[in-house]
Amino acid sequence: MTKRLTWIYWVAGLLVAAIVVAGYFRNGPPHAAGPAALAGHRAPSFEVRSLDGKQGSLAQYRGHIVFMNLWASWCPPCRLEMPDLQRFYAAYRSRNVIVLGVNQGESARRARAFADSLGIHFPVLLDEDQQYGRVYAALGLPTTIVIDPAGIVERGFDGPLTYDQMVAAVRPLLRRK
Amino acid sequence: MGSLLFAAGAAVVMVAIQEIWPGRAVYQYGWYNAIVAASIAYALFRMQALRRSRPGLTGAAALLLLGAGVVAFAGIASGLLGPGPHTVVGAPGSTVHDADLGGSLVFPFLQSDHAGTGSVTVDLRRAGAVQVAIPPNRRRYVGGFILWQRPRSVVHVSVRDARGNHLTITQPTNSVFLSPVLLMAQSTTIAGMTVPFDSFAVPAAARQVKAVLFSVQQAAQLHANPPLDGLPAVLFAVSTSGDQVLPGGIGIVADGSSRSIGGLNLTAKIASYPSIVVVSAPSFFVLWIGMAIFLAGTVRLAIRYRAGA
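The structure displayed is predicted, hence computed values, not measured ones. (Residues numbered from 1 in each chain as written. Chains lettered and ligands numbered in written order. Predicted model: local features only at pLDDT ≥ 70, side-chain atom pairs only at ≥ 80, totals over all residues.)

Colleague: I tried to follow the overall build of chain B on my own but got confused; where do I start?
Modeller: In terms of regular secondary structure, chain B is built from 5 helices and 15 strands. For 309 residues, the compact-globule formula gives about 19 Å, and the C-alpha radius of gyration of chain B, at 28 Å, lies well above that figure. Projecting the C-alpha coordinates of chain B onto the three principal axes gives extents of approximately 90 × 45 × 35 Å. Pairs at least 24 residues apart make up 59% of the contacts formed inside chain B by residues separated by at least 6 positions. (Helix = DSSP H or I, 4+ residues; strand = E, 2+ residues; numbered from the N terminus. Rg over C-alpha atoms; globule rule 2.2 N^0.38 Å. Contact = placed C-beta atoms within 7 Å.)

Quick look at the structure:
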């Protein structure tokens, strides 16, 4: 066997060894947990009933900046956050920002009583089967997802946001327009 | 020459077995991998002897040994570096990250969570790699791993209060917080029967609920009232948030039916849903390259041997 052939064998062998070993040390990008992990992915949408009795979904707001808030009436932080959400909706509706409430698992009667008591006027979907909660990896309630006009998740938040945090969350998208 | 061929072939066969019957614990034992390595070392030793006695066969033998070495290395790397077999369980609609795979498994919704047995495809997504679909009854080779579906029973639960209001279900101790689908990933023993169980919360009613799943055979031994009509069933135990079981808080519900237990109206629907089995295995691509080199070397060796080299 020539020296050259021996070298070729060694190089080929080492290359294969490197490929094989590298496969077991595959380091993906750091994995974010919860709704934040969805940033950059297409926002899934499901057809459910809305509070006004019609069918509705996230997809029908494509073309808007959507501030999707998952909530339930039994959740105290959701109740605390609602007045700021309503204020934010009123202030930014004219700038193509939609606040979309998605109630998790409750009947229309409960959701409506809650919305009426807090003077909520933004659209609300009733997700009885908690599909949005599952797919958006909610770690608790409230959970907020910011979606750009193309339907791509911009950011995800676990827990209640203040008015200033809501404004800060959509500011980059408003600048991009 | 025969002993060289036998030793190299033995190593190749021991590794190929890992691909054909994946996931056996024995592949990760030190002695198993030591035998593979020793076979290659012995073949190498025999090649040195062959080089002196039949120099004309050395090139073909080296090719054969290179192939066997590649295969053996892939096998040993898988056995010693690969993680142990494990099962990834996810709720319909959830995405579960698996650090060993360096990616996430996306578990789809069933056509309906209420539909009996579902046939769904789970997807593996990894950064910078093509998405891999894992359909039922098919193995998928992904780098140094083999993945396949293993169906398991899950329970879709629906809860209403006394006024008929639908209530939110949460699973604070499970991977998916907002899911009405119980994955029944734990097991317990009741009346000598090993049964899967899970738990969930109904925050609007300040209730905790434990759920135990009984198969058709197990349910038949329960003598429940009303009778379960040959269906699998779920036993619910409703307690306060302080874990005090309520009066009338224990009851059994047949698949697809509802019952008032501890002030909650509970509906249980049992479905089959896949989990994903992940086992490390020799890299499919490297294994086949090694096999091809090994076979080419074997054929060349036979030809050279016949030619009297």
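Colleague: How do you make sense of the sheet that holds strand β5 (residues 132-134) of chain B when you look at a structure like this?
Modeller: Sheets are built from strands paired through backbone hydrogen bonds, the pairs being either parallel or antiparallel. Residue and element names in this part refer to chain B. Pairing in this open sheet of 4 strands is antiparallel, and the strands run β2-β3-β4-β5 from one edge to the other. Of all strands in the sheet, those with a lone pairing partner are β2 (95-98) and β5, marking the two edges. Direction aside, the axes of adjacent strands within the sheet are offset by 25° on average. Sheet topology note: the strand β3 (residues 103-106)/strand β4 (residues 122-125) ladder contains 3 bridges and is antiparallel. Within β4, the residue paired with Ser104 across the bridge is Arg125. (Pairing = 2+ DSSP bridges. Axes fitted to C-alpha atoms, helices over the stretch in contact; angles between N-to-C directions.)

Colleague: I'm lost on the confidence of the model for chain B in this one. Help?
Modeller: Close inspection of predicted coordinates is inappropriate for parts of the model with low pLDDT. Residues and elements named next belong to chain B. In this model, chain B carries an average pLDDT of 90, and 97% of its residues clear a pLDDT of 70 or more. Confidence, read as mean pLDDT per element, is least for helix α3 (residues 58-81) in chain B (90) and greatest for strand β11 (residues 207-214) (97). Scored by ipTM, the complex comes to 0.86, with pTM at 0.84. (pLDDT = per-residue confidence, 0-100.)

Colleague: Explain the interface of chain B and chain A here, please?
Modeller: As a measure of interface size, the accessible area lost when the parts come together is often cited. Each partner contributes to the interface: chain B provides 38 residues, whereas chain A provides 35 residues. Of all the secondary-structure elements, those providing two or more residues to the side of chain B that touches chain A are α3 and β2 of chain B. Residue contributions to the side of chain B that touches chain A peak at 10 residues, all from α3(B). Classifying every residue of the side of chain B that touches chain A gives 19 nonpolar, 17 polar and 2 charged. (Nonpolar A, V, L, I, M, F, W, Y, C, P; charged D, E, K, R; others polar.)

Colleague: Whenever I open this one, the packing of helix α1 (residues 2-20) of chain B against helix α2 (residues 30-53) of chain B confuses me. Can you help?
Modeller: The description of two helices packed together rests on the angle between their axes and the distance between the axes. Residues and elements named next belong to chain B. Between α1 and α2, whose axes approach to 8 Å, the crossing angle comes to 155°. By the angle between their directions, the pair α1 and α2 is classed as roughly antiparallel. Handedness of the crossing formed by α1 with α2: left-handed. Across the interface between the two elements, Ser3, Leu4, Ala7, Ala8, Ala10, Ala11, Met14 and Val15 of α1 pack against Ile35, Val36, Ser39, Ile40, Tyr42, Ala43, Arg46, Met47 and Leu50 of α2. The residue inventory of the contact of α1 with α2, partitioned by class, reads 14 nonpolar, 2 polar and 1 charged. (Parallel < 35°, antiparallel > 145°, perpendicular 65-115°, else oblique. Left-handed = near helix turned anticlockwise from the far one by under 90°.)

Colleague: Please explain the pairing of strand β7 (residues 145-160) of chain B as it appears in this structure.
Modeller: Two faces belong to every sheet, and in a regular strand the side chains alternate between them. Residues and elements named next belong to chain B. Relative to β7, strand β6 (residues 140-142) runs antiparallel, the two sharing 3 bridges. Residue pairing across strands places Val142 opposite Phe145, the latter belonging to β7. Once β6 ends, the chain turns through 2 residues before running back antiparallel as β7, passing Gly143 with a positive phi of about 55°. Two elements, β7 and strand β15 (residues 264-280), share 16 bridges in a ladder whose sense is antiparallel. The residue bridging Arg152 from the neighbouring strand is Tyr273, located in β15.

Colleague: Can you walk me through helix α5 (residues 163-176) of chain A in this structure?
Modeller: Every α-helical turn comprises 3.6 residues, leaving residues that sit three or four positions apart pointing alike. Residue and element names in this part refer to chain A. Counted at 1.5 Å a residue, the expected span for α5 with its 14 residues is 20 Å, and the 21 Å between its end C-alpha atoms agrees. The largest bend in α5 comes to about 35°, at Val170, with the proline Pro172 one to four residues further on. Buried within α5 are the following residues: Met166, Ala169, Val170 and Leu173. On its buried side, α5 packs onto β3 (65-71), α2 (76-92), β4 (97-104), β6 (143-147) and β7 (153-158). (Expected span 1.5 Å × (residues − 1). Bend = angle between axes of the 7 residues up to and from the residue. Buried ≥ 20, exposed ≤ 12 C-beta atoms within 10 Å, placed from the backbone.)

Colleague: How do you make sense of α2(B) when you look at a structure like this?
Modeller: Taking 1.5 Å per residue, 24 residues should reach 34 Å; α2(B) reaches 35 Å between its end C-alpha atoms and fits that length. The complete set of buried residues in α2(B) reads Tyr32(B), Asn33(B), Val36(B), Ser39(B), Ile40(B), Ala43(B), Arg46(B) and Leu50(B).

Colleague: How should I be thinking about the nonpolar core in this particular structure?
Modeller: Soluble, globular proteins show a tendency: their nonpolar side chains are buried together. Residue and element names in this part refer to chain B. In terms of nonpolar packing, the biggest core is built from 100 residues, with Val155 and Val234 touching the most fellow members. Sorting elements by how many residues they give to this core places β15 first, with 9 residues. The contact partners of Val155, leaving out residues within four places of it in the chain, are Leu182, Met184, Ala211, Leu213, Val234, Ala268 and Ile270. One finds Tyr27, Leu57, Ala60 and Val70 within the second-largest nonpolar core, a separate group that totals 36 residues. (Core = buried A, V, L, I, M, F, W, Y, C linked by C-beta atoms within 7 Å.)

Colleague: What exactly am I supposed to notice about unusual backbone geometry here?
Modeller: In terms of backbone geometry, most residues other than glycine have negative phi values and most peptide bonds are trans. The residue after Leu141(A), namely Pro142(A), is reached through a cis peptide bond having omega 0°. Positive phi, normally seen in glycine, also occurs at Asn96(A), with a value near 70°. Tracing the sequence through the fold places Asn96(A) in the loop between α2 and β4. Under the C-beta neighbour-count criterion, Asn96(A) is labelled partly exposed, with 15 such atoms within 10 Å. One non-glycine residue, Ala191(B), lies in positive phi territory at about 50°. Counting through the fold element by element, Ala191(B) comes out in the loop between β9 (186-190) and β10 (193-202). Since 8 C-beta atoms lie within 10 Å of it, Ala191(B) is described here as exposed.

Colleague: Any chance you could explain the environment of Val146(A) here in plain terms?
Modeller: You can see Val146(A) is positioned in strand β6. With 101 residues separating them along the chain, Val146(A) and Ser45(A) place their C-alpha atoms 13 Å apart.

Colleague: Explain the sheet that holds β11(B) here, please?
Modeller: Residues and elements named next belong to chain B. Ordered in space as β9-β10-β11-β12-β13, the 5 strands form an open sheet in which the pairing is antiparallel. One side of each edge strand has no neighbouring strand; the edge strands of this open sheet are β9 and β13 (245-254). For this sheet, the mean angle separating the axes of adjacent strands, direction not counted, is 30°. Of the strand pairs in this sheet, β11 and strand β12 (residues 233-240) are connected by 8 bridges, and their pairing is antiparallel.

Colleague: Whenever I open this one, the environment of Arg79(A) confuses me. Can you help?
Modeller: All names here are of chain A. Structurally, Arg79 can be placed in helix α2. When the 17 C-beta atoms within 10 Å are taken as the criterion, Arg79 is described as partly exposed. Note: C-alpha distance between Arg79 and Phe114 (35 residues apart in sequence) is 8.5 Å.

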